[in-house]
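Structural characterization, general
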Amino acid sequence: MENPLSAVQMGLIYVNPEGVNGVPDPLKTAQQVRETFARMAMNDEETAALTAGGHTVGKCHGNGDAAALSAEPEASDVENQGFGWGNPTMGGKASNAVTSGIEGAWTTNPTKFDMGYFDLLFGHEWELRKSPAGAHQWEPIDIKEEDKPVDASDPSIRHNPIMTDADMAMKVDPTYRAICEKFMADPEYFKKTFAKAWFKLTHRDLGPKSRYIGPEVPAEDLIWQDPIPAGSTDYSEEVVKQRIAESGLSISDMVSTAWDSARTYRGSDMRGGANGARIRLAPQRQWEGNEPARLADVLAVYEQIAADTGASVADVIVLAGSVAIEKAAKAAGYDVRVPFLKGRGDATAEMTDADSFAPLEPLADGFRNWQKKEYVVKPEELLLDRAQLMGLTGPEMVVLLGGMRVLGTNYGGTKHGVFTDREGQLTNDFFVNPDRHGQYLETGR
Ligand code: HEM
């Protein structure tokens, strides 16, 4: 699946456990595991720790005929949505459960967090077999009876342990293998790495650390929390606005920069946004959607104003947007004052995990009439996607788009959709004049 989606295959959380497109090949699967986890900002060490630690406990379920299951969850009746695959004939519990179709546990003691995953994976040779449900899975060629895990519901029975293709990737891929060898030599290091990666996996969508509550919040600042120092409020808003107004920057430059700085915000995990002014750092500074050459000129002006006045660059970027809106409204005959709250901070490069910002790169921005290249999805869908990621309502999306067209913030200064003769004035011309060019024909782009 295309970036920036997390899974590489539709309908799966990570990768196909039987192999890429269902064909077992651990080296190929390793590449997809790497890509999938990189999209979640996990490096190789975190990925290996999570996979090994996660599969130290629990089991796969495929002890029965997969054809006897009812339709997949998306195709089920509404009352059964979200309950997984229906399993009416086999009962669906304990040893009769069929979910992934793979059957068995990874370790000798699947209810204990121990080093059993590595002991079995690296202590045996594995061969490809089929589960009772017909799924590809790896089983040990030779294993002592006492090393086999017991049945999930009958401890008197023992079964072969299993590995998915993704588990085999941890042994076969040279980089994952070296990491696993380090974990095996130092179990404490493995536990600590797993604990930290698990905390990251389960907390990275909570947003800034200031939102955490309770006695267990770690004191340590973690880079994936996108730390931002508090910004100053001890400066004169009026002085900063005056400096911006006298800077000679255009309305388009000021609005575009404020917008570009804010539009990375994702309501889904509260990353990105104007706070931190990361637009002036790598990689955002170079993102094509930010028009790097224009951005560099604008930022040079803002950085000077920030240095002279004590305001953060993040505040100056937002205030400049307000200055531009007030000016454009005035030109249209309206005296408005855009409310403003001080105190954004400026993050540094050291506080920024540059690699993990790559998935935040806007690939399309309907508000500025731009997309990086042609995608499988239509520009309209990408516009809706961006609007919902930013937390905008339908009316907010529409009014912002119409306003930005007449303010002249199209990418590269194009004139598509600029339905006005008085660009730079904040008017409702976009909504009044859409038919000024006659009829529109769909071009498919
Ligand atoms: C590398 C990519 C991964 C793949 C391909 C994968 C695949 C699977 C599959 C096929 C199952 C069996 C589901 C079933 O039949 O019920 C499973 C179960 C499980 N996975 Fe993963 N997994 C991956 C990564 C992870 C990670 C990162 C964690 C957690 C840190 C994790 C934790 C678990 C646990 C605890 C179970 C057992 C659930 C149970 O006992 O019902 N897995 N995984």
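Note that residues are indexed from 1 along each chain, following the sequence as it is written. Residues qualify for local features only when their pLDDT is at least 70, as the model is predicted, and side-chain atom pairs are given and counted only at 80 or more; totals for whole chains, interfaces and linings, by contrast, use all residues.

Thoughts on the site of the ligand
Quick reminder of the rule: The rule is simple: place the C-beta atom from the backbone, and if it lies within 6 Å of a molecule or strand, the residue is near it. Secondary structure elements are taken from DSSP: a helix is a run of H or I of four residues or more, a strand is a run of E of two residues or more, and numbering for both begins at the N terminus. Under the scheme applied, nonpolar residues are Ala, Val, Leu, Ile, Met, Phe, Trp, Tyr, Cys and Pro; charged residues are Asp, Glu, Lys and Arg; polar residues are all the others, including Gly.
Around the ligand sit 19 residues, and of these Gly54, Gly58, Thr99, Ser100 and Ala166 come closest. Taken together, the elements giving at least two residues each to the shell around the ligand come down to α2 (44-54) and β1 (59-60). A total of four residues in the shell around the ligand trace back to one element, the largest contributor, which is α2. In terms of residue class, the shell around the ligand is made up of nine nonpolar, nine polar and one charged.

Details of the packing of helix α1 (residues 26-38) against helix α4 (residues 165-172)
Note the cut-off: Orientation is described by axes fitted as lines to C-alpha atoms, over the contacting stretch for helices, and by angles from 0 to 180 degrees between their N-to-C directions. For this classification, under 35 degrees means roughly parallel, over 145 means roughly antiparallel, 65 to 115 means roughly perpendicular, and everything else is oblique. Placing a C-beta atom from the backbone of each residue, one calls two residues in contact when those atoms lie within 7 Å.
The N-to-C vectors of α1 and α4 enclose an angle of 95°; their axes lie 8 Å apart at closest approach. The orientation of α1 relative to α4 falls into the category roughly perpendicular. Contacts between α1 and α4 involve Pro26, Leu27, Thr29, Ala30 and Val33 from the first element and Asp165, Ala166, Met168, Ala169 and Val172 from the second. Split by residue class, the contact of α1 with α4 holds eight nonpolar, one polar and one charged.

Some remarks on unusual backbone geometry
What counts, and what does not: Counts of 20 or more other C-beta atoms within 10 Å of a residue's own C-beta define buried residues, counts of 12 or fewer define exposed ones, and intermediate counts define partly exposed ones; C-beta atoms are placed from the backbone.
Cis peptide bonds are those with omega within 30 degrees of zero, and the linkage from Ala282 to Pro283 qualifies with 0°. By the element assignment, Pro283 lies in the loop between α8 (251-262) and α9 (292-309). Notably, Ala277 is not glycine yet its phi reads approximately 50°, a positive angle. Within the secondary structure, Ala277 sits in the loop between α8 and α9. A residue is classified by how many C-beta atoms lie within 10 Å of it, and Ala277, with 26 of them, is buried.

A word on the nonpolar core
Stated precisely, the cut-off is as follows: By convention in this section, buried Ala, Val, Leu, Ile, Met, Phe, Trp, Tyr and Cys residues joined through C-beta atoms within 7 Å make up a nonpolar core.
Formed by 37 residues in total, the largest nonpolar core has its most connected members in Ala52 and Cys180. At the level of elements, α1, α2, α3 (116-123), α4, α5 (174-185) and α6 (187-203) are the ones that each hand at least two residues to this core. Not counting residues within four places of it along the chain, the set of residues in contact with Cys180 comprises Ala48, Ala52, Phe118 and Met170. Core analysis: the second largest hydrophobic core is formed by 36 residues, Leu299, Val313, Phe367 and Val406 among them.

A word on the UniProt feature "domain: Plant heme peroxidase family profile" (unreviewed entry) in the protein
Using the following cut-off: UniProt positions are given in the numbering used here, feature names are shortened, and annotations may be inferred rather than shown by experiment.
UniProt feature "domain: Plant heme peroxidase family profile" (unreviewed entry): in the numbering of this structure it lies at residues 21-214. End C-alpha atoms of residues 21-214 are separated by 44 Å, and the span's content is 36% helix alongside 7% strand.

Side note on the domain arrangement of the protein
Rules: An automatic or database domain assignment provides the domain bounds reported here.
Considered domain by domain, the protein is made up of domain 1 (26-62 + 100-202) and domain 2 (237-432). Of note, the centres of domain 1 and domain 2, computed from C-alpha atoms alone, are 46 Å apart.

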